[in-house]
Amino acid sequence: MTELEHLLRDDLRRATADLAIEVDADALLAAHRAATRRRVAAGVALAATGLALGAVAWGALGGGTIPGVPRPQQPDPLTTPSAPALPTPTPSGAGSASPTPRPSGSPSAAPTAAPGPATSAPSGRGVTPVAPAGTASVAVYFVDGSNTDHQGDPLLTRETRFVPKGTPVRGALEALLAGPSDAGLRGLWPRGVRVLGIAQAGGVITVDLSGEARDASVGAAAEVAMVQSLVWTVTSAYDQPDARVRLLIEGRPAGDAWGHMVWDAPIAREAALDTLTPVIVDTPLPGATVGSPVVVTGEAAAFEATLEWRVIRAGVEVARGTAMTSEGQRFAPFRFTVDLPAGSYVLTVAPTDPSGGAAGPIPTAGRSFTVR
Amino acid sequence: MARTHADEAFADFVRLASPSLMRTAWLLTGDRDSAADLVQAALLKALQARRRIPEQDALAYTRRILINENIDRWRRRHGEVATGAAFDVPSPDSLADRVADRDRVARMLATLTPEQRRIVVLRYHDDLSVAQVADLLGMTEGAVRASCHRALQSLRAHYPTPIGDVWSPTAEGERP
């Protein structure tokens, strides 16, 4: 060591010598128990929606249910004559499973195009799979049933939905209000809400909903998630990530309709890192039948930009590997491919844990799909 | 609430590890409240993962969590559990001198970039090797050395140059 280094070390030692802290271990234990209870409660509620397969495969990896497993098809309670929101179809056929990079104009069905890593700034739309004729794919944001933030508060993830091409924003909004088709996700908006109007001018999007929107009763943290799910969904459907959203209910400002926050001025997206679940898988779509190699795309916020993925078949890991997002510590796109023989699989993707497992539950995205 | 054996072990760990974590946290943040908050957050995360942490590595793991937590701007800043209080231990020396000393060091560290600061704290306070720091921060050893070198260059201004010893930029950090 140089003399400078010695002086520095002495200084650091002296400056901290008298510093003490009294940590109340019991308070930490109580906080830990409370957080665990919240996670367990969320898991039970989801298990009740029924999905034994997901629970079994997932149990081996640390609890929760698998998002990405399609719920049995339910009639969409919110099909308005003007623009019904279609349930996520199970794609089949050569072109439908090939993702194309988002920025290009109309979706191309060329299955041979090997998309490079998406390098554009995240718009919240993800990588757009090829939409069936007459439809546009939109990203609809719901609560991720498997991951919470470290306080146990909800985080959002997104589901790709195909809506009538002429009215993608209305389609996305109605899909949001109707709830997720993926059993691993939760919708927070009350049932029966209708879209009365959507308008956009000068960076402000105005959404007018029917009075049923007032019926939401979800608690403070979930209320923030509920509001943000709408903001993220409509701003991404307009492809205007920076736009602000004003909510009207029956033509009047929503105000403090739900008791926790006031929404009387246009609001913007909250920061992605605070709002979204750390790993979002866009393709393969939930329950999709795809060719091999399987192209996996999505967006993740990973420390050091590294992700670990596993492919599980009938409860047995058949492949694993690592992938990089285009940038660490913020939301950035990722893409990798996996060669798989025909069969049904569950894929999990998780950020590499910088603490080597010490930093608590690792947020994981799951997705089931079939290789033909 | 009754404590289990595992809870008792954790309470012991908290007692033993907190002072060291607190010093590291203070050097990283320069103020006691932020440091105390950081220590509590790191301990809570360590608690959540306690079954996965080998007991003998618990301090190293928790320090790693603390560093990441400090880097981490993801966490929400509201609704935190107040579980600890930071304070000055009465010492035989004049408390005023100590506080002045601490202020000087805090100001000095504040002139570094966050990365340089982390490296300096881990190298010269926690006595980690270049390899250990590189591993902890996910950097190459070369990058740690370079950053450490730049940190020392800029800290030099805070120390009087001793007579007869001109610090050579190339020798820093490498001499035994």
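Residues numbered from 1 in each chain as written. Chains lettered and ligands numbered in written order. Predicted model: local features only at pLDDT ≥ 70, side-chain atom pairs only at ≥ 80, totals over all residues. Heavy atoms only, no water.

**What to know about helix α6 (residues 130–137) of chain B**
So, point 1. Looking only at α6(B), the buried set comprises B:V130, B:V133, B:A134, B:L136 and B:L137. Considered in projection along α6(B), the buried side chains sweep an arc of 165 degrees and stay on one side of the axis. (Buried < 20%, exposed > 50% of the residue type's maximum accessible area, 1.4 Å probe, protein only. Helix = DSSP H or I, 4+ residues; strand = E, 2+ residues; numbered from the N terminus. Arc of directions from axis to C-beta.)

**Side note on the sheet that holds strand β8 (residues 252–253) of chain A**
All names here are of chain A.
So, point 1. One open sheet holds the four strands; their spatial order is β5-β6-β7-β8, and the pairing between them is mixed. In the strand order of this sheet, the two ends are held by β5 (195–201) and β8, each with one partner.
So, point 2. When β5 meets strand β6 (residues 204–209), the two strands line up antiparallel, connected through six bridges. By the bridge assignment, A199 is partnered in β6 with T206.
So, point 3. In the packing of helix α4 (residues 168–178) onto the sheet, contacts are made with β5 and β6, and the angle to β5 comes to roughly 135 degrees. (Pairing = 2+ DSSP bridges. Contact = heavy atoms within 4.5 Å. Axes fitted to C-alpha atoms, helices over the stretch in contact; angles between N-to-C directions.)

**A few points about the pattern of salt bridges**
So, point 1. Across all of its chains, the model carries 15 salt bridges over all chains by this definition.
So, point 2. Close ionic contact of A:R158 with A:D282 constitutes a salt bridge, the shortest N to O distance being 2.8 Å. Of this pair, A:R158 sits in strand β3 (residues 154–164) while A:D282 sits in strand β9 (residues 279–283); the two residues are 124 residues apart in sequence, bridging distant segments of the chain. For the residue pair A:R158 and A:D282, the accessibility class agrees, reading buried in each case.
So, point 3. Residues participating in the shared-partner salt-bridge network are A:R9, A:R13 and B:D127. (Salt bridge = Lys/Arg side-chain N within 4 Å of Asp/Glu carboxyl O.)

**What about the packing of helix α1 (residues 5–29) of chain B against helix α2 (residues 32–48) of chain B?**
Residues and elements named next belong to chain B.
So, point 1. At their nearest, the axes of α1 and α2 sit 8 Å apart, and the two run at 140 degrees to each other. Our classification of the angle between α1 and α2 gives oblique. Note that α1 runs across α2; the crossing there is right-handed. Where α1 abuts α2, its residues F10, F13, V14, S18, L21, M22, A25, W26 and T29 lie against R32, S34, A35, A36, L38, V39, L43 and L47.
So, point 2. Per-class residue counts for the contact of α1 with α2 are 13 nonpolar, three polar and one charged. (Parallel < 35°, antiparallel > 145°, perpendicular 65-115°, else oblique. Left-handed = near helix turned anticlockwise from the far one by under 90°. Nonpolar A, V, L, I, M, F, W, Y, C, P; charged D, E, K, R; others polar.)

**Here we look at the confidence of the model for chain A**
So, point 1. The share of residues in chain A with pLDDT of 70 or more is 72%, and the mean pLDDT across the chain is 75.
So, point 2. Note that pLDDT drops below 50 for residues 39–121 of chain A; the model gives that stretch 138 contacts with residues more than four away or on any other chain. (pLDDT = per-residue confidence, 0-100.)

**Points about the packing of aromatic side chains**
Residues and elements named next belong to chain A.
So, point 1. Scanning the model with the defined rule gives six aromatic pairs over all chains in all.
So, point 2. Judged by centre distance (6.4 Å) and plane angle (55 degrees), the ring pair of W258 and W263 falls under tilted.
So, point 3. Overall, the relative accessible area of 1% leaves W263 in the buried class.
So, point 4. One aromatic cluster in this structure is built from W189, W258 and W263.
So, point 5. Taking NZ or CZ as reference, R269 lies 4.1 Å from the ring centre of W232, over its face. (Phe/Tyr/Trp six-rings, centres within 6.5 Å; stacked < 30°, edge-to-face > 60°. Lys NZ or Arg CZ within 6 Å of the ring centre and 35° of its normal.)

**Overview of the environment of B:M22**
So, point 1. Positionally, B:M22 belongs in helix α1.
So, point 2. With a relative accessible area of 0%, B:M22 lands in the buried category.

**As for unusual backbone geometry**
Residue and element names in this part refer to chain A.
So, point 1. A cis amide bond, omega 0 degrees, links T283 with the succeeding residue P284.
So, point 2. Along the polypeptide, P284 turns up in the loop between β9 and β10 (289–290).
So, point 3. Backbone geometry places D239, a non-glycine residue, at a positive phi of 55 degrees.
So, point 4. On the secondary structure map, D239 appears in the loop between α5 (220–237) and β7 (244–249).
So, point 5. Here the phi dihedral of E250 falls at roughly 50 degrees; this positive angle occurs in a residue that is not glycine.
So, point 6. Given a relative accessible area of 47%, E250 falls into the partly exposed group.

**Concerning the environment of B:T62**
All names here are of chain B.
So, point 1. Position of T62 among the secondary structure elements: in helix α3 (residues 58–71).
So, point 2. Taking the relative accessible area as the measure of exposure, T62 reaches 0% and is therefore buried.
So, point 3. Sequence spacing of T62 and A42 is 20 residues, and the spatial spacing of their C-alpha atoms is 6.1 Å.
So, point 4. Setting aside chain neighbours within four positions, we find T62 in contact with F13, L21, A42, L43 and A46.

**Side note on the nonpolar core**
Generally speaking, nonpolar side chains in soluble globular proteins are found buried as a group.
So, point 1. Membership of the largest hydrophobic core comes to 60 residues, with the highest contact counts inside it found for A:L8, B:V39, B:L43 and B:V120.
So, point 2. Of the residues forming this core, the biggest block, eleven residues, is contributed by α1(B).
So, point 3. Apart from the residues within four sequence positions on either side, B:V39 is in contact with A:I21, A:V23, B:L21, B:M22, B:A25 and B:L66.
So, point 4. With 46 residues, the next largest nonpolar core counts A:A175, A:L176, A:L209 and A:A213 among its residues. (Core = buried A, V, L, I, M, F, W, Y, C linked by side-chain atoms within 4.5 Å.)

**With respect to α3(B)**
Residues and elements named next belong to chain B.
So, point 1. The first and last C-alpha atoms of α3 sit 20 Å apart over 14 residues, in line with the 20 Å expected at 1.5 Å per residue.
So, point 2. Counting buried residues along α3, eleven of its 14 residues qualify, which places the element largely inside the surrounding structure.
So, point 3. Tucked into the core, α3 has its buried residues touching α1, α2, α5 (114–125) and α6. (Expected span 1.5 Å × (residues − 1).)

**Notes on the packing of α1(B) against α5(B)**
All names here are of chain B.
So, point 1. The interhelical angle for the contact between α1 and α5, taken along N-to-C directions, is 145 degrees, at an axis separation of 9 Å. Considering the relative orientation of α1 and α5, their crossing is right-handed. Contacts from R23, T24, W26, L27, L28 and T29 in α1 reach R117, R118, V121 and H125 in α5.
So, point 2. When grouped by side-chain class, the residues that make up the contact of α1 with α5 number four nonpolar, three polar and three charged.

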